[in-house]
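Notes for the structure review
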Amino acid sequence: MEVVAVEADRVRMRLAPPQWLRADDGADEICSGVLYSLADSAAGLAVFAAAQELSPIATLDLRMDYLRPATIDRALLAIAGCLHITDEVAFVRCEIFSEGKAQPVATGSATFMRNTPGQRFKTFNEQEDGT
């Protein structure tokens, strides 16, 4: 997965699927779990972008609608946007497209818990300072 852009509360990620991500041997379609993982990653990054901080999050719910097959011959592009964010919860919408196509192959709605217990992330500057 490659981060293409992060703008305010929107994220674009791209995945050029290797052949081993096929749904079945000889199939032209990508395994649906790949789309799920891409949506979860893009949606989580959208939460960080909207919050403007790196604090622990956890996926509470991710509902996916698979609209049409995603074929192995085209890269996938996920576009996720944070719809609403509070101190505890974030709500995100994600669409996944086959590169070059106008209609999404899948859409997702996700809810994330924010500021969950666990190790906090260090920013690049904090890592260099040793703090």
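What this report covers is the structure whose coordinates are included nearby.

Thresholds applied
Residues numbered from 1 in each chain as written. Predicted model: local features only at pLDDT ≥ 70, side-chain atom pairs only at ≥ 80, totals over all residues. Heavy atoms only, no water. Helix = DSSP H or I, 4+ residues; strand = E, 2+ residues; numbered from the N terminus. Contact = heavy atoms within 4.5 Å. Pairing = 2+ DSSP bridges. Core = buried A, V, L, I, M, F, W, Y, C linked by side-chain atoms within 4.5 Å. Buried < 20%, exposed > 50% of the residue type's maximum accessible area, 1.4 Å probe, protein only. Axes fitted to C-alpha atoms, helices over the stretch in contact; angles between N-to-C directions. Salt bridge = Lys/Arg side-chain N within 4 Å of Asp/Glu carboxyl O. Expected span 1.5 Å × (residues − 1).

**What about the side chain of T111?**
Position of T111 among the secondary structure elements: in strand β6 (residues 104-114). With residues near it in sequence (within four places) discarded, T111 still touches A58, T59, L60, D61, V89, A90 and F91.

**Describing the pairing of strand β1 (residues 2-7)**
Taken together, the 5 bridges between β1 and strand β2 (residues 10-15) define a ladder with antiparallel strand orientation. The residue bridging V3 from the neighbouring strand is M13, located in β2. Hairpin remark: β1 followed by β2, antiparallel, with 2 residues in the connecting loop; positive phi at A8, about 55°.

**Looking at the nonpolar core**
Grouped together as the largest cluster of nonpolar side chains are 29 residues, with contacts concentrated most on L35, L76, V92 and I96. If one sorts the elements of this core by residue count, helix α1 (residues 32-51) sits on top with 9 residues. Among all residues touching L76, those that are not within four sequence positions of it are M13, R14, L15, P17, I30, V34, L35, L38, A70, I96, F97 and S98.

**Topic: the sheet that holds β6**
Taken in spatial order, the 6 strands line up as β1-β2-β4-β5-β6-β3 in an open sheet, and their pairing is antiparallel. In this open sheet, the two edge strands, each paired with only one partner strand, are β1 and β3 (57-66). Direction aside, neighbouring strands of the sheet carry axes that sit 20° apart on average. Pairing analysis gives 9 bridges linking strand β5 (residues 89-98) to β6, with the strands arranged antiparallel. Bridge pairing in β6 places C94 opposite G108. Against the sheet, α1 touches β1, β2, β3, β4 (76-85), β5 and β6, its axis set at about 45° to β4.

**Details of the pattern of salt bridges**
Pairing between side chains of opposite charge can happen when the charged atoms of each approach one another. Tallied over the full model, the rule gives 3 salt bridges. With its nearest N and O atoms 2.7 Å apart, the salt bridge here joins R14 to E99. With R14 in strand β2 and E99 in the loop between β5 and β6, the pair connects residues that are 85 residues apart, well separated along the chain. Given the relative accessible area of 26%, R14 is considered partly exposed. The exposure class assigned to E99 is partly exposed, which follows from its relative accessible area of 33%. Among the ionic pairs, R63 bridges to D65, the shortest N-O distance being 2.6 Å. According to the relative accessible area criterion, D65 is partly exposed, its value standing at 27%.

**Thoughts on α1**
Residues separated by three or four positions in an α-helix point in the same direction, a consequence of the helix having 3.6 residues per turn. Along its 20 residues, α1 runs 29 Å from first to last C-alpha, staying within 8% of the 28 Å computed at 1.5 Å per residue. Inspection of α1 places V34, L35, L38, A39, A42, A43, G44, A46, V47, F48 and A49 among the buried residues, and these make up the whole buried set. Contacts from the buried residues of α1 go to β1, β2, β3, β4, β5 and β6. At the C-terminal side of α1, Q52 shows a positive phi close to 60°.

Keep in mind these numbers describe shape, not what the thing actually does.
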